[in-house]
Amino acid sequence: FYTNLGSSFAGTVIQTTIQPDGKILVVGGFNVFNANTRNRLVRLNSDGTEDTAFYTNLGTAFSAQTNITLVQPDGKILVGGTFTSFNGNTRNRLVRLNSDGTEDTAFYANLGTGFGPNVTDLAIQSDGKILVGGTFTTLNGNTRNRIVRLNSDGTEDTAFYANLGTAFNFPPLDFKIQLDGKILIAGNFTTLNGVTRNRLVRLNNDGTEDTGFYTNLGTGFSPNVNTIALV
């Protein structure tokens, strides 16, 4: 595998995602792979060789760091990060690619001006809605504190955010969606909607808080929770 990577990456690799077909998405701060310009995203074949057609379809790819990818059930690929452009076009922190690496431009059009300043976490619900987390405080020029839910076409599920109130004071670091649709959120936050909530909460599917869950946590966690696993 490493032999097939050649000289590998120049810069940081932050995350890898294995697609259902075995291909591997790699994101980070790198701008070179195997001595070729590769701006913050490549796709490898299962043996470590590069899927060069994928990068060709990315054009000049991303202007700054990519943090996370999520492959939807339909094969489209969500990419979040600190970037402000993709292939020379303004794209603020979240894009969706088709499975071949071309952009799903309609998705970004529905995001408006996108996010500011950073997307770090993504999750997809069984109904196709998309949870987005990060350090951002705006989406499309509206105050959105560190978490939003998008419809499958990229428009915002505004009712979800309305139920969050003022949302989180610091970023979430991980989401997990339970089988019943409830949403576990971990991070370094200490409040949700202005109420003390130390680093772990559970939301109902509509964005309201499952307050009984936090009551059972007592005073919660200190100093922060990085990840959650459902068993």
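This report concerns the structure included in the present document.

The rules we used
- Residues numbered from 1 in each chain as written.
- Predicted model: local features only at pLDDT ≥ 70, side-chain atom pairs only at ≥ 80, totals over all residues.
- Heavy atoms only, no water.
- Helix = DSSP H or I, 4+ residues; strand = E, 2+ residues; numbered from the N terminus.
- Rg over C-alpha atoms; globule rule 2.2 N^0.38 Å.
- Buried < 20%, exposed > 50% of the residue type's maximum accessible area, 1.4 Å probe, protein only.
- Contact = heavy atoms within 4.5 Å.
- Areas by Shrake-Rupley, 256 points an atom, 1.4 Å probe, with all protein chains shown as cover.
- Lys, Arg positive; Asp, Glu negative; His and termini not counted.
- Charge placed at Lys NZ, Arg CZ, Asp CG, Glu CD.
- Pairing = 2+ DSSP bridges.
- Axes fitted to C-alpha atoms, helices over the stretch in contact; angles between N-to-C directions.
- Phe/Tyr/Trp six-rings, centres within 6.5 Å; stacked < 30°, edge-to-face > 60°.

Remarks on the overall build of the protein chain
Item 1. When you go through the protein chain residue by residue, the secondary structure sums to 5 helices and 22 strands.
Item 2. Scaling as 2.2 N^0.38, a compact globule of 231 residues should have a C-alpha radius of gyration of about 17 Å, and the protein chain matches this with 18 Å.
Item 3. Viewed in the frame of its principal axes, the protein chain has a C-alpha envelope of about 55 × 35 × 30 Å.
Item 4. For the protein chain, buried positions account for 48% of its 231 residues.
Item 5. A fraction of 38% describes how many contacts in the protein chain between residues 6 or more apart in sequence connect residues 24 or more apart.
Item 6. With an accessible surface of roughly 9,900 Å², the protein chain has 49% of that area assigned to carbon and sulfur atoms.
Item 7. Averaging the positions of the 17 positive and the 18 negative side-chain charges in the protein chain gives two centres separated by 6 Å.

A short note on the pairing of strand β13 (residues 119-124)
Item 1. Pairing of β13 with strand β14 (residues 130-134) involves 5 bridges; the strand directions are antiparallel. Its bridge partner being in β14, Ala123 is matched across the sheet by Leu131.
Item 2. Here β13 folds back onto β14 in antiparallel fashion, the turn holding 5 residues, of which Gly128 has a positive phi close to 90 degrees.

Some thoughts on the sheet that holds strand β2 (residues 13-18)
Item 1. Spatially, 3 strands are ordered β2-β3-β6 in an open sheet, and the strand pairing comes out antiparallel. Strands with a single pairing partner mark the edges of an open sheet, and in this sheet they are β2 and β6 (41-44). The mean angle between the axes of side-by-side strands here comes to 20 degrees, regardless of whether they run parallel or antiparallel.
Item 2. Pairing geometry for β2 and strand β3 (residues 24-28), over 5 bridges, is antiparallel. Bridge pairing links Val13 to Gly28 in β3.

What about the sheet that holds strand β7 (residues 66-71)?
Item 1. Within the open sheet, the 3 strands sit side by side as β7-β8-β11. Their pairing is antiparallel. Of all strands in the sheet, those bounded by a partner on one side alone are β7 and β11 (94-97). Looking at each pair of strands side by side, their axes are set apart by 20 degrees on average, direction ignored.
Item 2. Bridge analysis of strand β8 (residues 77-81) against β11 gives 4 bridges, and the strand direction is antiparallel. By the bridge assignment, Ile77 is partnered in β11 with Leu97.

As for the packing of aromatic side chains
Item 1. Tallied over the entire structure, the rule returns 6 aromatic pairs.
Item 2. Residues Phe9 and Phe30 carry aromatic rings whose centres are separated by 4.7 Å and whose planes lie at 55 degrees to one another, so their mutual orientation is tilted. With Phe9 in strand β1 (residues 9-10) and Phe30 in the loop between β3 and β4 (32-33), the pair connects residues that are 21 residues apart, well separated along the chain.
Item 3. With a centroid separation of 4.9 Å and an interplanar angle of 45 degrees, the aromatic rings of Phe62 and Phe86 are classed as tilted. With Phe62 in the loop between α2 (52-58) and β7 and Phe86 in strand β9 (residues 85-86), this residue pair connects regions lying 24 residues apart in the sequence. Neither Phe62 nor Phe86 differs from the other in exposure class; each is buried.
Item 4. One aromatic cluster is present, built from ring pairs that chain together Phe9, Phe30 and Phe33.

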